[in-house]
Amino acid sequence: MIPEVDTQPPPLHRNISVPRPGHQLLLLEGGDALFPALVEAMDAARRVVHLETYIFHFAGSALTVAEALERAAQRGVLVRLVVDGVGTPKVPVEWQQRFTRAGVRWRVYAPMGSLGLLIPSRWRRLHRKLCVVDGMVGFCGGINIIDDRDDVALGRLSAPRLDFSLRVAGPLVDDMVETMEQLWWRLQAVRKARQREFKAAWEALRETRPIGDFTRLLRKIEIYTGMGSRVNTDAEDDKGVLQGDGPMGVNDARASLLLRDNVSHRHDIERAYLKALGMARQDIVIANAYFIPGRKLRRALTMAAARGVRVRLMMQGRYENFLQYRAARPVYQKLVDAGIDIREYAPSALHAKVAVIDRAWATVGSTNLDPLSMLLAREANVMTTDRRFAELLHQRLDALVEHAGQKLDARTLGTRPWHQRVLDRIAFMAMRTLLFLTGHRY
């Protein structure tokens with residue numbers, strides 16, 4: 001068993017949001033693609049597996065990830081798991097016992113307590129989905145550890161949920177390690193760093209145990225297309241684009257990690273979106289599960305449409321809860337009136353948080369364009385300015401918008417029954433009131 005290194009990392013002071021070269025990015029669609037990739041990386045681990053997720057649902061295909069964590073800890077790998085107290089209010093007793101026997105170290109971020117969400121400070125949730133294995137391979141996206149056909153709000157789905165994640169190798173994996181270490185030590189209630197800095201402790205850990213062999217993993221594409229056919233290839237073209245028939249990846253991409261927290265990264269993700277939207281000249285495609293953008297983002301979208309940019313939004317079409325569904329409708333009306341094309345995903349639930357702008361800027365992560373993500377939650381996105389990757393993601397989103405989305409037009413939104421529109425307004429005002437109680441305007 002690898003001993004826990006008892007030292008707290010220094011804070012992230014450098015600007016990690018600036019894209020750097022040297023990344024491999026592999027797009028993974030759904031848990032059917034992500035979970036095998038996670039398991040493969042965890043099974044190769046020899047030092048550390050560190051996983052953060054909002055929801056860990058111990059059923060269906062998600063059990064393969066739980067079992068991989070257990071196996072890694074049994075081999076002596078240092079395994080850490082952090083789940084959110086709202087998304088994962090309870091870890092089953094069986095898995096608590098199995099994790100304890102294997103040596104998995106697991107923590108719950110901000111447990112609910114007896115008053116639950118009645119305390120506004122508890123609205124600050126761990127919503128990001130990050131995993132790092134041996135400091136070499138990272139994962140970042142919107143996919144929780146839950147079977148693609150299970151949904152905590154909607155029950156059993158007739159078709160897989162739409163969501164995306166990235167497998168990443170390159171410099172930004174170090175940034176993932178540092179932000180995850182900071183949160184871990186906060187949960188450990190460590191207030192003062194010991195004499196050894198985190199980086200020195202990490203180097204000492206590297207000296208005591210070699211990393212796993214990820215050579216084959218980082219050359220291989222093993223994913224599922226939207227139609228469910230499996231693709232395996234080691235082929236690579238001369239431009240560094242990993243080849244396959246479905247969603248693919250690129251080598252040597254410029255990319256960065258974008259964070260949102262309540263300390264030093266409050267607005268990093270929003271600013272990145274605003275900058276990219278402000279520079280858009282041709283095309284904007286956004287797929288977002290919970291979409292209630294604030295005034296700045298609404299203005300950026302409407303101004304882009306006014307200067308002739310084609311703006312298309314793919315939203316969640318299923319009713320999950322009153323506030324998120326109803327409060328979005330008045331916003332939709334204003335955006336549609338401005339000439340923005342809004343579609344609701346029809347085949348199943350949509351949980352994606354991805355965007356492509358001018359086929360030159362793209363992001364994949366956990367961040368919804370809504371007040372919970374923008375103002376309260378801990379979030380993480382990977383942003384890239386690699387045109388090859390942006391083109392790959394654009395092709396996938398373009399197909400989804402055109403063939404899997406039901407269009408919302410101004411007439412349909414404006415002529416709905418009056419009582420529905422009243423409920424929409426009530427939800428919107430309730431949302432703003434709740435935000436006011438937390439000291440936020442949106």
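Described below are features of the structure shown in this document. (Residues numbered from 1 in each chain as written. Predicted model: local features only at pLDDT ≥ 70, side-chain atom pairs only at ≥ 80, totals over all residues. Heavy atoms only, no water.)

### A word on the overall build of the protein
What the protein contains, in helices and strands, is 13 helices and 20 strands. Residues classed as buried in the protein amount to 58% of the 442 residues present. The long-range fraction of contacts in the protein, counting pairs at least 24 apart against all pairs at least 6 apart in sequence, stands at 81%. Accessible area for the protein stands at about 18,600 Å²; split by element, carbon and sulfur atoms hold 53% of it. (Helix = DSSP H or I, 4+ residues; strand = E, 2+ residues; numbered from the N terminus. Buried < 20%, exposed > 50% of the residue type's maximum accessible area, 1.4 Å probe, protein only. Contact = heavy atoms within 4.5 Å. Areas by Shrake-Rupley, 256 points an atom, 1.4 Å probe, with all protein chains shown as cover.)

### Thoughts on the layout of surface pockets
Rolled over the atoms, a probe sized like a water molecule indicates the empty space that remains. Taken as a whole, the largest pocket spans an internal volume of roughly 950 Å³. Considering the residues around the largest pocket, the lining is formed by 37 residues, among which Y54, Y290, N321, Q324 and L372 are closest to the centre. Those elements that place two or more of their residues in the lining of the largest pocket are α8 (322–326), α10 (371–376) and α13 (418–437). In terms of residue count, α10 provides more of the lining of the largest pocket than any other element does, four residues in total. (1 Å grid on protein atoms, 1.4 Å probe; cavity = no way out; pocket = protein on both sides within 12 Å on 5 of 7 lines; lining within 4 Å. Points joined across faces, edges and corners; volume = space filled by probe spheres on them.)

### Observations concerning the packing of aromatic side chains
Taken as a whole, this structure holds six aromatic pairs when the rule is applied. Summarising the aromatic geometry, the rings of F56 and F58 are spaced 4.3 Å apart at their centres and angled 10 degrees between planes, so their arrangement reads as stacked. The exposure class assigned to F56 is buried, which follows from its relative accessible area of 3%. For F58, a relative accessible area of 14% translates into the label buried. Each ring, one from Y273 and one from W361, has its centre 5.6 Å from the other, and the planes form 65 degrees; the classification is edge-to-face. Pair noted here: Y273 is in helix α6 (residues 268–279) and W361 is in strand β18 (residues 361–365), with a separation of 88 residues, a long-range link. Residue Y273 is classed as buried on the basis of its relative accessible area of 1%. (Phe/Tyr/Trp six-rings, centres within 6.5 Å; stacked < 30°, edge-to-face > 60°.)

### Focus on helix α9 (residues 328–337)
With eight of ten residues buried, α9 is to be regarded as a mostly interior element. Taken together, the buried positions of α9 are A328, R329, P330, V331, Y332, Q333, L335 and V336. In the stretch just after α9, G339 is the one whose phi turns positive, near 95 degrees.

### Details of the side chain of D341
With respect to the helices, strands and loops of the structure, D341 is situated in strand β16 (residues 341–345). A polar side-chain atom of D341 sits 2.8 Å from a polar atom in the side chain of R343. Residues in contact with D341, not counting those within four places in the same chain, are V311, R312, L313 and K407. (Polar contact = N/O pair within 3.5 Å; in protein donor to acceptor, adjacent residues only side chain to side chain.)

### Focus: the pairing of β18
Across the five residues of β18, five count as buried, placing the element largely inside the fold. Neither face of β18 is open: one carries W361, T363 and G365, the other A362 and V364, and all of them are buried. Two strands pair when backbone bridges link them, and strand β17 (residues 353–357) and β18 are joined in this way by four bridges, in the antiparallel orientation. Within β18, the position partnered with V356 by the bridge is A362. Linking β17 back to β18 in an antiparallel pair, the connection comprises three residues, with D358 at a positive phi of about 55 degrees. (Pairing = 2+ DSSP bridges.)

### What about the pattern of salt bridges?
Counted under the stated rule, the structure contains 21 salt bridges. The residue R98 makes a salt bridge to E70 at a minimum N-O spacing of 2.8 Å. Residue R98 is found in helix α3 (residues 93–102), and its partner E70 is found in helix α2 (residues 63–74); the two are separated by 28 residues along the sequence. A salt bridge links D424 to R416, with the nearest nitrogen and oxygen atoms 2.5 Å apart. On the basis of relative accessible area, D424 is assigned to the buried category, the value being 2%. According to the relative accessible area criterion, R416 is buried, its value standing at 16%. The structure contains a network of salt bridges with shared partners spanning D283, R310, R312, D398 and E402. (Salt bridge = Lys/Arg side-chain N within 4 Å of Asp/Glu carboxyl O.)

### Structural notes on the packing of helix α1 (residues 31–44) against α2
Each packed pair of helices is defined by two parameters, the angle between the axes and the distance between the axes. At a minimum axis separation of 9 Å, α1 and α2 run at an interaxial angle of 5 degrees. As the angle between them shows, α1 and α2 are arranged roughly parallel. On the side of α1, the interface is formed by F35, L38, V39, M42 and D43, while α2 contributes T64, V65, A68, L69, R71 and A72. Across the contact of α1 with α2, the residue classes break down as eight nonpolar, one polar and two charged. (Axes fitted to C-alpha atoms, helices over the stretch in contact; angles between N-to-C directions. Parallel < 35°, antiparallel > 145°, perpendicular 65-115°, else oblique. Nonpolar A, V, L, I, M, F, W, Y, C, P; charged D, E, K, R; others polar.)

### Digging into the environment of D148
Counting through the fold element by element, D148 comes out in the loop between β6 (137–141) and β7 (150–151). Sequence separation between D148 and D32 is 116 residues, and the spatial gap between their C-alpha atoms is 7.1 Å. What D148 contacts, discounting residues up to four positions off in sequence, is G30, G31, D32, S61, L157, A159, P160 and R161. Polar side-chain contacts of D148 include one of 3.0 Å to the backbone nitrogen of D32.

### A look at the pairing of β6
Burial runs high along β6: five of the five residues are buried. Side chains of β6 alternate between two faces, with V137, F139 and G141 and G138 and C140 buried alike.

### Considerations on unusual backbone geometry
Positive phi is not limited to glycine here, since A110 has a value of about 50 degrees. Here A110 shows up in the loop between β4 (105–109) and β5 (129–133). A positive phi angle, near 55 degrees, is found at D252, a position not held by glycine. Position of D252 relative to the elements: it lies in strand β13 (residues 249–260).

### Here's the deal with helix α11 (residues 387–404)
End to end, α11 covers 25 Å across 18 residues, agreeing with the expected 26 Å (1.5 Å per residue, within 8%). Within α11, burial applies to F389, A390, L392, L393, H394, R396, L397, L400, V401 and A404. (Expected span 1.5 Å × (residues − 1).)

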